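Okay, here's what each chain looks like letter by letter:
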Amino acid sequence: MTPALPTRSQLHRLTAPDAFWWSTGIEDTFITAPHPVTGRTLDEYELTGHYDRWREDLGLIAELGVPCARYGVPWHHIQPEANTWDWTFPDETLERLLDLGVDPQVDLVHYGLPAWIEGAFLHPDYPKLVAEYAGRLAERFKGRITWYTPLNEPRITGWYCGRLGWWPPFRRSWPGFVALMLAIAKGMVETVKALESVDPEIVPYFVDATDLFDTDDPAFETEARRRQEIVFLALDLVAGRINERHLLWPWLLKNGARDADLAYFLDNAVGVPVIGMNLYPMFTQKKLLRDAGGRFRIRMPYAGADLITRLGRLYYARYGAPLMISETASIGSLRRRLDWLDQSITATRQLRTEGIPLVGYTWWPMFSLVTWAYRQGRRPVTEHLAAMGLWDIVPDEADPLRRVRTPAVDSYQQLARGGAEAVGPLTGAAAPVAAMR
């Protein structure tokens, strides 16, 4: 059985040859702004019934036998108004996970913010507000919970909020994306500072979406390289890696960043002790090409497991830090999900034989999620369920959100009980100590 997650001073345990952390999680996207046409919000805990079923759902996590679980807390419920705090939900749920022997990897922000923060991430006080929230939560669990994700998928947050304009503050341009990324990354830095001021043993777990941009068209090679660099933008900002020699420096300035904005990150760089890679075979591979009309397009072909080996090599070469697969799953039939589980475990094993410290694996989500299209759609929630989990949500007359166990639960239980057996020992040198500070 894999032991508890290591604290900051014990991070060398991550790269012990026979150490490996299996995890899972419940989709926790929180978009509090009503859609202007449908009036719908997107609170996954509400839509999947988790607010009412949390005891049952956390019991399912324990049933898997995983030593840890990514678990999001709803900031918009904890702080419904600027001067109002309600800790009931995180107190009950996080306490229950601890009682069950599952270490929470607390997801502090998952796309959405409390509605009273006008301008969302572009509110001038956002970094201070998110740091205060994080510090207060960490204080409540000081010495008991030490793993926190400052913000899940900063690049996707910046994309949907700043480039596509689907979520607050509804910007629709590259300058909008850059403004969002700078604000989000500054909030991450200030969150890490707040967490470490509460407890220096806290481990900031940096989780972002991964993408691989490829092209067969020479005309798109420069754009593919830029897009690939943007994949690393949030991590490069918080780690203080973006200076005048960085490929994105002129692009950032062209799109609205000021020298003073970028200087902040050089002056306030934080360590990146563990990196979580969110990756999916149906989303993560990006192909830049021309369509039949000659127009620029990005396609997402279903990828093979080399997705994992390529990403693992890229991230380790760049940051030298231990890696975890912080989200992965396939969508559709149980056979397809189990095939991806097998393929991705094989790829994980391959990286570990190369000495690349891929030290954890998270099947996400644990049960079906509600697709983001629900917010702008009209169909009932039961018609927006995506079968990506170990359990399915299968509505019936008595229970429209019934959790149904699939054989994937048995497969994942066996993996968790075996520790590092399925992925093999980590060979070669451990991650550089400097990267784990």
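Residues numbered from 1 in each chain as written. Predicted model: local features only at pLDDT ≥ 70, side-chain atom pairs only at ≥ 80, totals over all residues. Heavy atoms only, no water.

Let us look at empty space enclosed by the protein. Following the criterion strictly, the structure yields 2 cavities of 30 Å³ or more and no others. Here the largest cavity is characterised by a volume of approximately 50 Å³. Together, F30, V73, W75, H76, L108, V109, H110, G112, L113 and P114 line the largest cavity. Grouping the constituent residues of the lining of the largest cavity by class yields 7 nonpolar, 3 polar and no charged. Within this model, the second largest cavity holds a volume of roughly 30 Å³. Of the residues in the lining of the second largest cavity, the class split is 5 nonpolar, 1 polar and 2 charged. (1 Å grid on protein atoms, 1.4 Å probe; cavity = no way out; pocket = protein on both sides within 12 Å on 5 of 7 lines; lining within 4 Å. Points joined across faces, edges and corners; volume = space filled by probe spheres on them. Nonpolar A, V, L, I, M, F, W, Y, C, P; charged D, E, K, R; others polar.)

The 3 strands lie next to each other as β8-β10-β11, forming an open sheet whose pairing is mixed. Unpaired on one side and paired on the other, β8 (212-215) and β11 (296-299) mark the two borders of the sheet. Each adjacent strand pair in this sheet contributes to an overall mean axis angle of 25°, direction not counted. Pairing of strand β10 (residues 285-290) with β11 involves 4 bridges; the strand directions are antiparallel. (Pairing = 2+ DSSP bridges. Helix = DSSP H or I, 4+ residues; strand = E, 2+ residues; numbered from the N terminus. Axes fitted to C-alpha atoms, helices over the stretch in contact; angles between N-to-C directions.)

Quick look at helix α12 (residues 306-319) now. The end-to-end C-alpha distance of α12 is 20 Å, a good match for the 20 Å that 14 residues give at a rise of 1.5 Å each. Those residues of α12 that fall on the buried side of the exposure criterion are L307, I308, T309, L311, G312, Y315, Y316, R318 and Y319. In the stretch just after α12, G320 is the one whose phi turns positive, near 60°. (Expected span 1.5 Å × (residues − 1). Buried < 20%, exposed > 50% of the residue type's maximum accessible area, 1.4 Å probe, protein only.)

Ranked by internal contacts, the top residues of the largest apolar core, which has 136 residues, are W22, F121, Y148, Y315 and Y412. Examining the composition of this core, we find that 13 residues originate from one element, helix α7 (residues 174-198), more than from any other. Not counting the four nearest positions on each side in its chain, W22 is found in contact with V66, P67, C68, I345, Y361, Y412, L415, A416, G419 and V423. (Core = buried A, V, L, I, M, F, W, Y, C linked by side-chain atoms within 4.5 Å. Contact = heavy atoms within 4.5 Å.)

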